[in-house]
Amino acid sequence: MRFDPVGRDEAREMARRELDKQIYQRDKPSWLERAWDRFTEWLGDLFQRAAAPNAEGNGSGWLSVAVIILILAAVIALVAWLMWGRRNPRSRGDALLEDEPSTALDHRDAADAHAAAGRWAEAIRERLRAIARDLEERAVLSPRPGRTADELAAEAGAAVPQLADELRGGVRIFDDVWYGDRPGTSDGYARLTDLDERLREARPKPLEADGLVPAGAAEDAAEGEGGPRW
């Protein structure tokens, strides 16, 4: 049997196709791993040159020191920005509602006016205030001066457990905007508006936290007057 000789270019192409098969690619580093390896090599070289900036022939030593300082400053700034939005103690200490008398409708109107003007941070705050006041007006929560946004999420979540996650998410949006220096957005406001509407349609548990209304008394009284209260 006679075999035709394989040329150099054809052999090279056959070898390339063979090496492209999946079985040879399993141990090949991903692009992310290759990028990380290059970055660590560059960083290691940077520290090596910065360790002896005055060494002969190491003209870029002081430049390496400056680059390292900039990198550290950027990392510290990023960590501080992230932690400020999540752990600012003022978000747990400031009262959500002001002392002046107001209604849920007042806050909803104010929220809509801010949203129409593109003032999303103010719109988010007023919509969360509307939620808090509405829950008090419907006796889902007892009126309590000084209630914070985080306390609102915890207490309302216990009364309306099916929306507890949404309440925490809504308060997180408020905290990020007002205490984390993050910009308010139309999407954030839309989430608060949707939460407000869903809470108004929900059937909360009877108020019994402060002993003002015994468990089940609110529903019994409402049914005695001709129908459910909620």
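Residues numbered from 1 in each chain as written. Predicted model: local features only at pLDDT ≥ 70, side-chain atom pairs only at ≥ 80, totals over all residues. Heavy atoms only, no water.

**A few points about the overall build of the chain**
So, step 1. Of regular secondary structure, the chain possesses ten helices and zero strands.
So, step 2. From first element to last, N terminus to C terminus, the chain shows the α and β order α-α-α-α-α-α-α-α-α-α.
So, step 3. Every one of the 230 residues in the chain was classed for burial, and the buried ones make up 32%.
So, step 4. Within the chain, residue pairs in contact and separated by at least 24 positions form 63% of the contacts whose partners lie at least 6 positions apart.
So, step 5. When the accessible surface of the chain is summed, it comes to about 15300 Å², and 56% of that surface belongs to carbon and sulfur atoms. (Helix = DSSP H or I, 4+ residues; strand = E, 2+ residues; numbered from the N terminus. Buried < 20%, exposed > 50% of the residue type's maximum accessible area, 1.4 Å probe, protein only. Contact = heavy atoms within 4.5 Å. Areas by Shrake-Rupley, 256 points an atom, 1.4 Å probe, with all protein chains shown as cover.)

**Overview of the packing of aromatic side chains**
So, step 1. In the structure shown here, the tally under the stated rule is four aromatic pairs.
So, step 2. With a centroid separation of 5.7 Å and an interplanar angle of 35°, the aromatic rings of Trp-36 and Phe-39 are classed as tilted. Separated by three residues within a single helix, Trp-36 and Phe-39 lie in helix H2 (residues 31-51), roughly one turn from each other.
So, step 3. Residue classification places Phe-39 among the partly exposed residues on the basis of a relative accessible area of 36%.
So, step 4. When the centroid spacing of 5.9 Å and the interplanar angle of 45° are considered together, the rings of Trp-120 and Tyr-189 count as tilted. Of this pair, Trp-120 sits in helix H6 (residues 120-137) while Tyr-189 sits in helix H9 (residues 186-201); the two residues are 69 residues apart in sequence, bridging distant segments of the chain.
So, step 5. The class of Tyr-189 is buried, set by a relative accessible area of 8%.
So, step 6. Members of the aromatic cluster, each reached through a chain of ring pairs, are Trp-36, Phe-39 and Trp-42. (Phe/Tyr/Trp six-rings, centres within 6.5 Å; stacked < 30°, edge-to-face > 60°.)

**What about the nonpolar core?**
So, step 1. Leu-128 and Leu-152 are the most contacted members of the largest nonpolar core, which totals 31 residues.
So, step 2. Of all the elements in the fold, those that place two or more residues in this core are helix H5 (104-116), H6, helix H7 (149-159), helix H8 (164-178) and H9.
So, step 3. The residues contacting Leu-152, other than those within four sequence positions of it, are Leu-96, Leu-128, Ala-132, Leu-135, Leu-141, Arg-147 and Gly-157. (Core = buried A, V, L, I, M, F, W, Y, C linked by side-chain atoms within 4.5 Å.)

**Considerations on the side chain of Glu-136**
So, step 1. Residue placement: Glu-136 occurs in helix H6.
So, step 2. Glu-136 sits in the buried class, given a relative accessible area of 10%.
So, step 3. A distance of 2.9 Å separates the side chain of Glu-136 from the side chain of Arg-133, its partner in a polar contact.
So, step 4. For Glu-136, the side chain forms a polar contact with the side chain of Arg-147, separated by 2.9 Å.
So, step 5. Not counting residues within four places of it along the chain, the set of residues in contact with Glu-136 comprises Leu-97, Leu-141, Ser-142, Pro-143, Arg-144 and Arg-147. (Polar contact = N/O pair within 3.5 Å; in protein donor to acceptor, adjacent residues only side chain to side chain.)

**Looking at the packing of H5 against H9**
So, step 1. Running from N to C, H5 and H9 point in directions that differ by 155°, and their axes come no closer than 12 Å. Viewed along their axes, H5 and H9 adopt a mutual orientation that is roughly antiparallel. Here H5 and H9 pass one another in a crossing that is left-handed. Contact with H5, carried on its side by Arg-108, Ala-111, Asp-112 and Ala-115, involves Tyr-189, Asp-196 and Arg-200 of H9 and no other residues of that element.
So, step 2. The class makeup of the residues in the contact of H5 with H9 is three nonpolar, no polar and four charged. (Axes fitted to C-alpha atoms, helices over the stretch in contact; angles between N-to-C directions. Parallel < 35°, antiparallel > 145°, perpendicular 65-115°, else oblique. Left-handed = near helix turned anticlockwise from the far one by under 90°. Nonpolar A, V, L, I, M, F, W, Y, C, P; charged D, E, K, R; others polar.)

**Remarks on the confidence of the model for the chain**
So, step 1. The predicted model of the chain has a mean per-residue pLDDT of 77, with 67% of residues at 70 or higher.
So, step 2. Per-element mean pLDDT across the chain ranges from 43 in helix H10 (residues 217-224) up to 96 in H5.
So, step 3. With pLDDT under 50 throughout, residues 208-230 is counted as low confidence; its partners more than four residues away or in other chains account for 22 contacts. (pLDDT = per-residue confidence, 0-100.)

**A word on the pattern of salt bridges**
So, step 1. Overall, the coordinates contain 15 salt bridges when judged by the stated rule.
So, step 2. For the salt bridge of Asp-196 with Arg-127, the shortest nitrogen-to-oxygen distance reads 2.8 Å. Of the two residues, Asp-196 is situated in helix H9 and Arg-127 in helix H6; the sequence distance between them amounts to 69 residues.
So, step 3. Residues Glu-155 and Arg-147 are paired through a salt bridge, measuring 2.8 Å at the closest nitrogen-oxygen approach.
So, step 4. The network of salt bridges with common partners includes Arg-108, Asp-112, Arg-127, Asp-134, Arg-138 and Asp-196. (Salt bridge = Lys/Arg side-chain N within 4 Å of Asp/Glu carboxyl O.)

**What about unusual backbone geometry?**
So, step 1. Look at Ala-139: it is not a glycine, yet its phi comes out positive at around 60°.
So, step 2. Checked against the element boundaries, Ala-139 lands in the loop between H6 and H7.

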